[in-house]
Amino acid sequence: GEMLLGGSSYGGRQASMLAAEESALVDGLLLLSYPLHPPGKPERLRIEHFPDLAQPVLFAHGSKDAFGTLEEMRREIVNIAGKTQLLALERRPHGLVTKRDGDQTARQTAAEIVAALRDRGVPAAAVLVNSEMYAEPQLVARDYNQTLDHPISGERRYPVWPMRFSFAKAPV
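Rules of the game
Every chain begins its residue count from 1, and numbering advances along the sequence as written. Thresholds applied to this predicted model are a pLDDT of at least 70 for local features of residues and 80 or more for the giving and counting of side-chain atom pairs; totals over whole chains, interfaces and linings are not thresholded and use all residues. Neither water nor hydrogens contribute to the side-chain values; these are computed over all heavy atoms in the structure. Strands are runs of DSSP state E lasting at least two residues, helices are runs of H or I lasting at least four, and both sets are numbered from the N terminus onward. Radius of gyration: C-alpha atoms only; globule rule: 2.2 Å multiplied by the number of residues to the exponent 0.38. Here, residues are in contact when the closest pair of their heavy atoms is within 4.5 Å. Each accessible area value is a Shrake-Rupley result obtained with a 1.4 Å probe; residue values ignore everything except the protein chains displayed when judging cover. Note that His is not counted, nor are the chain ends; the positive residues are Lys and Arg, and the negative ones are Asp and Glu. To locate a charge, take NZ of a lysine, CZ of an arginine, CG of an aspartate or CD of a glutamate. Only protein chains enter the accessibility calculation, which uses a 1.4 Å probe; a residue is then buried when its area is under 20% of its type maximum, exposed when over 50%, and partly exposed in between. To define a nonpolar core, start from buried Ala, Val, Leu, Ile, Met, Phe, Trp, Tyr and Cys residues and group those joined through side-chain atoms within 4.5 Å. Two strands pair under a simple rule: DSSP has to find at least two bridges between them. Handedness rule for crossovers: strands pointing away from the viewer, path from the first strand over the helix to the second running clockwise, crossover right-handed. In summary, the pairing rule links any two rings of Phe, Tyr or Trp, Trp by its six-membered ring, whose centres are within 6.5 Å, and it sorts them by plane angle into stacked for under 30 degrees, edge-to-face for over 60 and tilted for everything else.

A. Focus on the overall build of the protein chain. The helix and strand inventory of the protein chain stands at 5 helices and 6 strands. In the protein chain, the order of α-helices and β-strands from amino to carboxyl end is β-α-β-β-α-β-α-α-α-β-β. Against the compact-globule benchmark of 16 Å for 172 residues, the protein chain has a radius of gyration of 20 Å, which places it well outside the compact range. Considering only C-alpha atoms, the protein chain reaches an extent of 65 × 40 × 30 Å along its principal axes. In the protein chain, the share of contacts with a sequence separation of at least 24, taken over all contacts with a separation of at least 6, comes to 57%. Of the accessible surface of the protein chain, which amounts to about 11,200 Å², a share of 55% is contributed by carbon and sulfur atoms. Across the protein chain, the mean location of the 20 positive side-chain charges is 5 Å away from that of the 21 negative side-chain charges.

B. Here's a closer look at the environment of Gly 95. Here Gly 95 lies in the loop between strand 4 (84-93) and helix 3 (103-119). Assessed through its relative accessible area of 36%, Gly 95 is described here as partly exposed.

C. Examining the nonpolar core more closely. Ranked by internal contacts, the top residues of the largest apolar core, which has 16 residues, are Leu 29, Tyr 34, Phe 50, Leu 53, Phe 59 and Ile 80. Of all the secondary structure elements, the ones that give two or more residues to this core are helix 1 (10-21), strand 2 (28-32), strand 3 (57-64) and helix 2 (70-77). It is helix 1 that provides the largest number of residues to this core, a total of 3 residues. Look past the residues within four positions of Phe 50 in its chain and what remains in contact with it is Tyr 34, Leu 36, Phe 59, Glu 76, Ile 77, Asn 79, Ile 80 and Ala 81. In this structure, Leu 58, Leu 87, Ala 116 and Ala 124 belong to the second largest nonpolar core, which totals 11 residues.

D. Summary view of the pairing of strand 1 (residues 4-8). Note that strand 1 and strand 2 share 5 bridges and pair parallel. Residue pairing in the sheet places Leu 4 in a bridge with Gly 28 of strand 2. On the question of chirality, the crossover connecting strand 1 to the parallel strand 2 by way of helix 1 is right-handed.

E. Fine view of the packing of aromatic side chains. With the rule as written, the count across this model stands at 3 aromatic pairs. Ring geometry for Phe 50 versus Phe 59: centroids 6.3 Å apart, planes at 55°, classification tilted. When sorted by exposure, Phe 50 lands in the same class as Phe 59, which is buried. Through pairs of rings, three or more aromatic residues link up here, namely Tyr 34, Phe 50 and Phe 59.

Printed below as a string of structure tokens:
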């Protein structure tokens, strides 16, 4: 199958630089919130490697991203040798989701990205957000989530290893 590489923000920039340098390494890129330039400094573009990108690239970028506007993204991605597409996510900041947004916005944003990948023939599924993970029936049945009493922050839920070890002595 095909191998995709991706990342968010600086991780996406690093992934794209690696793909530009080692073109046979991956078949495509998914770049979330690509940091086109530092906030407020549009003259300091981070695109030197774009002409060396031969792979297809899907950018998912928020309309309120301080690291590059959608118009700036559209203007600069034409320098990429491979096929490019820009998934514009309205009212989304750099990082696409903030802590203030909540799980519903995170799910909606993930669903848009998954749909864009599937539309391009890429098998994809969203990763569960924390509240969904804690309620996921298979994980609940396996006691994957444990509630621990933290000495400073109080009661907290933590994921644990999805395995059990017996304390019975093994026959030798």
